[in-house]
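The primary structure of each chain is shown beneath.
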Amino acid sequence: MTKAQLIDAEMEVIAWQYLRVVAIAFCIFYLLRGLSYLFMFPPEVSGLLGWPALLSAGLSALVLLLQITGRLPKAAIGAVMVGVGVSLIFNVFWNLYLTADAVQFTNACFAIIAFGLGTLSAPIWLAQVVVCLMCYFYALDIMGLDTRIYTQIAVSAVTLSAVSFFLRAPTIRRRVELQLELEEKARHLERANKAKDRFVANMSHELRTPLTGVLGMMDLLRDTRLDREQTQFLDTARTSADFLLGIINDVLDYSKLDAGKIKLKPAPLDVRALTENLASMMREQAERKSISLTLDLPKDPVPVSADAVRVGQVLYNLVGNAIKFTEVGGVTVSLEAKQHANKTCLFWQVRDTGAGIPQNRIARLFERFEQADASETRNQVGTGLGLAIIRELLALMGGDVTVDSKIGHGTTFSVTLSFDSVPLSALVSEQDGLANKDQPEKAQTGPLYILLAEDNRVNQMLVSRLLEAGGWEVKIVQDGEAAVAAATKSDRPFDLVLMDVQMPVLDGVSAARIIRASMKSPPPIIALTANTMRDDVERYLAAGMDAHVAKPIDRQLLYETIGTVIQRKAD
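From a predicted model like this one, the values you see are computed outputs, not experimental measurements. (Residues numbered from 1 in each chain as written. Predicted model: local features only at pLDDT ≥ 70, side-chain atom pairs only at ≥ 80, totals over all residues. Heavy atoms only, no water.)

**So, helix α17 (residues 555-570)**
Applied cut-off: In this text, helices come from DSSP runs of H or I with a minimum length of four residues, and strands from runs of E with a minimum of two, each type numbered from the N-terminal end. Residue count minus one, scaled by 1.5 Å, sets the expected span of a helix. Here a polar contact means two N or O atoms within 3.5 Å. Within protein one must be a hydrogen donor candidate and the other an acceptor candidate, and residues neighboring in sequence count only if both atoms are side-chain atoms.
Taking 1.5 Å as the rise per residue, α17 with 16 residues should run 22 Å; its terminal C-alpha atoms sit 23 Å apart, in good agreement. Of the residues that open α17, the one with a side-chain oxygen 3.0 Å from the backbone nitrogen of Gln-556 is Asp-554.

**Description of the packing of helix α3 (residues 77-99) against helix α5 (residues 122-143)**
The test is simple: For helices, the fitted axis covers only the stretch in contact; all axes are lines through C-alpha atoms, and the angles between them, taken along N-to-C directions, range from 0 to 180 degrees. Oblique is the label for any angle not under 35 degrees, not over 145, and not in the 65 to 115 range, which are roughly parallel, roughly antiparallel and roughly perpendicular in turn. Crossings are sorted by hand: turned counterclockwise from the far helix by less than a right angle, the near helix makes the crossing left-handed, and turned clockwise it makes it right-handed. Here, residues are in contact when the closest pair of their heavy atoms is within 4.5 Å.
Where α3 meets α5, the closest approach of the two axes is 10 Å, and the angle between their N-to-C directions is 15 degrees. On the basis of the axis angle, α3 is roughly parallel to α5. Judged by the twist between their axes, the crossing of α3 over α5 is right-handed. Each of Gly-78, Met-81, Val-82, Gly-85, Ile-89, Phe-93 and Leu-96 in α3 lies in contact with α5, whose residues at this interface are Ile-124, Gln-128, Val-131, Cys-132, Cys-135, Tyr-136, Ala-139 and Met-143.

**Regarding the packing of helix α2 (residues 43-69) against α3**
Defined as follows: Polar here means any residue other than Ala, Val, Leu, Ile, Met, Phe, Trp, Tyr, Cys and Pro, which are nonpolar, and Asp, Glu, Lys and Arg, which are charged; Gly is therefore polar.
For the pair α2 and α3, interaxial distance at closest approach is 10 Å and the crossing angle is 170 degrees. In this view, α2 runs roughly antiparallel relative to α3, as classed from their interaxial angle. Of α3, the residues touching α2 (which contributes Leu-48, Leu-49, Pro-52, Ala-53, Ser-56 and Val-63) are Val-80, Ser-87, Phe-90, Asn-91, Trp-94, Asn-95, Leu-98 and Thr-99. For the contact of α2 with α3, a count of residues per class yields nine nonpolar, five polar and no charged.

**Focus on the confidence of the model for the protein chain**
Inclusion rule: The predictor rates its confidence in each residue with pLDDT, a number between 0 and 100.
Mean pLDDT over the protein chain stands at 83; residues scoring 70 or higher make up 88%. This stretch, residues 369-384, has a pLDDT under 50; its non-local contacts, to residues over four places away or in other chains, come to 31 contacts. When the criterion is pLDDT under 50, residues 431-443 qualifies, and its contacts beyond four places in sequence or with other chains add up to eight contacts.

**Structural notes on the pairing of strand β5 (residues 343-352)**
Test applied: Relative accessibility thresholds used throughout: buried, under 20% of the residue-type maximum; exposed, over 50%; partly exposed, between the two (1.4 Å probe, protein chains only). Two strands pair under a simple rule: DSSP has to find at least two bridges between them.
Burial along β5 is one-sided: Thr-344, Leu-346, Trp-348, Val-350 and Asp-352 are buried, while Lys-343, Cys-345, Phe-347, Gln-349 and Arg-351, pointing the other way, are not. Sheet analysis places strand β4 (residues 330-340) next to β5, joined by 10 bridges and oriented antiparallel. Looking across to β5, one finds that Thr-332 is bridged to Arg-351. Remark: two residues form the turn of the hairpin made by β4 and β5, two consecutive strands paired antiparallel; Ala-341 in that turn has positive phi of roughly 60 degrees. Pairing geometry for β5 and strand β7 (residues 410-421), over nine bridges, is antiparallel. By the bridge assignment, Leu-346 is partnered in β7 with Leu-417.

**A closer look at the pattern of salt bridges**
Heads up, the rule is: Here, a salt bridge means any Lys or Arg side-chain nitrogen found within 4 Å of an Asp or Glu carboxyl oxygen.
All chains considered together, the criterion is met by 15 salt bridges. Residue Asp-546 pairs with Arg-516 through a salt bridge whose shortest N-O separation is 2.3 Å. In this pair, Asp-546 is assigned in the loop between α16 (534-542) and β12 (547-550) and Arg-516 in helix α15 (residues 508-518), connecting sequence segments 30 residues apart.

Structure follows, in structure tokens:
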């Protein structure tokens with residue numbers, strides 16, 4: 001539909017609503033007027049006046065009923081509005097004919113004004129006004145009244161009606177135009193947002209795929225004999241690759257947050273242990289810079305119901321930034337917990353002795369792509385997304401973050417969060433559950449014959465070496481079509497399929513569906529892909545895949561996932 005057609009259609013909807021209001025008003029008005037005619041006027045005219053009024057009320061009620069039941073076509077709106085106007089004109093001048101009451105000329109003027117308020121169509125408004133004026137001046141001529149006074153009244157009524165119509169109808173039409181423009185912009189933004197999400201997903205895939213080879217080959221190289229200098233070079237290369245992976249994850253996380261696609265998964269959590277474990281992970285970074293990492297934590301566990309991944313992500317970013325921007329001194333991480341009814345209020349502080357942040361930059365610090373040091377001579381690098389992600393995650397969890405900094409003295413980030421309290425026994429139950437859940441992942445799978453569908457030669461080499469290191473036999477195919485043929489026609493059945501998603505000829509999702517549909521007892525299928533967005537993972541599982549391992553591949557996670565799906569099939 002063209003823009004003009006869309007506007008006309010929307011105006012038709014509004015006219016439909018106007019008609020309903022007019023029908024209700026006319027029904028009530030003529031019902032009361034008809035009853036007053038029948039019971040309060042002289043018998044010789046009561047029926048002649050009352051029954052036409054009641055008939056008009058009945059017709060208005062019929063229009064309303066047809067509207068409510070959906071039996072009145074919208075194309076008939078104009079004709080019905082004309083009919084309602086004719087009914088009003090008839091009742092006014094029928095009353096004038098029977099009673100010769102000059103007050104009906106005033107009622108006719110009120111009817112003219114009502115026409116300006118009750119319709120959105122200029123032709124209908126003009127037709128109603130012209131018919132009413134013709135009857136008006138014809139009655140004046142027959143009754144021999146002074147036309148000057150009544151003409152002035154009629155002119156005033158027509159003027160008010162015209163002002164009402166021409167100020168109201170164009171304004172409504174303009175609002176309709178603006179509404180349609182806003183809706184079109186909203187659709188455009190939605191399309192742009194989807195395109196952005198797809199772009200981020202594709203870029204994440206394209207970046208993660210070669211990075212899988214880089215990180216994987218580094219891990220394999222570490223298993224070989226290296227001298228001290230080679231080990232140092234490898235550690236430096238691994239740190240740089242991990243930093244690149246962190247940048248990719250930052251961009252992907254912010255895209256998910258921006259689209260509202262991150263969902264919290266609360267579970268029993270000891271935030272004291274989480275903080276301590278996270279600091280232990282990052283202590284090596286501090287030691288490499290010869291700075292201290294000090295903890296000030298409660299003595300007892302602090303059990304709450306929270307999303308450990310997201311809380312850890314906030315702390316990881318804050319402590320990582322503090323270490324990054326501190327050259328002398330150290331970083332202190334403190335935690336204070338206060339109990340309020342069934343809630344536990346948590347207050348973290350991450351203090352560093354770095355250079356500090358200028359006051360004029362603090363207000364913009366949590367904006368995307370903003371950095372504390374934006375100069376071209378800065379010593380540290382990054383995307384400027386870490387603190388923006390922190391703010392978004394805290395907002396998602398109902399928390400807050402503040403900054404206090406002095407140049408030359410350091411910076412303190414304060415985080416406040418409130419979670420539901422849980423009993424200490426819930427932590428024990430959760431740990432037992434995790435232990436039981438981990439058991440299948442550690443179970444011995446025995447010898448396996450694994451089909452690897454992967455089009456990237458570097459990743460073929462990497463994954464096959466990882467699988468062979470696990471004591472399993474591997475067959476490699478380069479596309480989904482070959483994977484279907486190998487899985488369904490091989491004389492020797494496969495125990496497991498590792499399936500890349502983006503492959504030539506036939507993609508991994510389609511291949512998984514075909515394998516599931518073609519085999520009575522298909523092997524478990526694990527998606528092995530750089531696409532890590534939630535929607536993508538859900539699509540893989542819906543297609544019949546049993547699990548998902550993201551690239552770059554974590555060797556331990558790959559082994560555990562294989563153990564889980566094999567044990568699940570055995571059960």
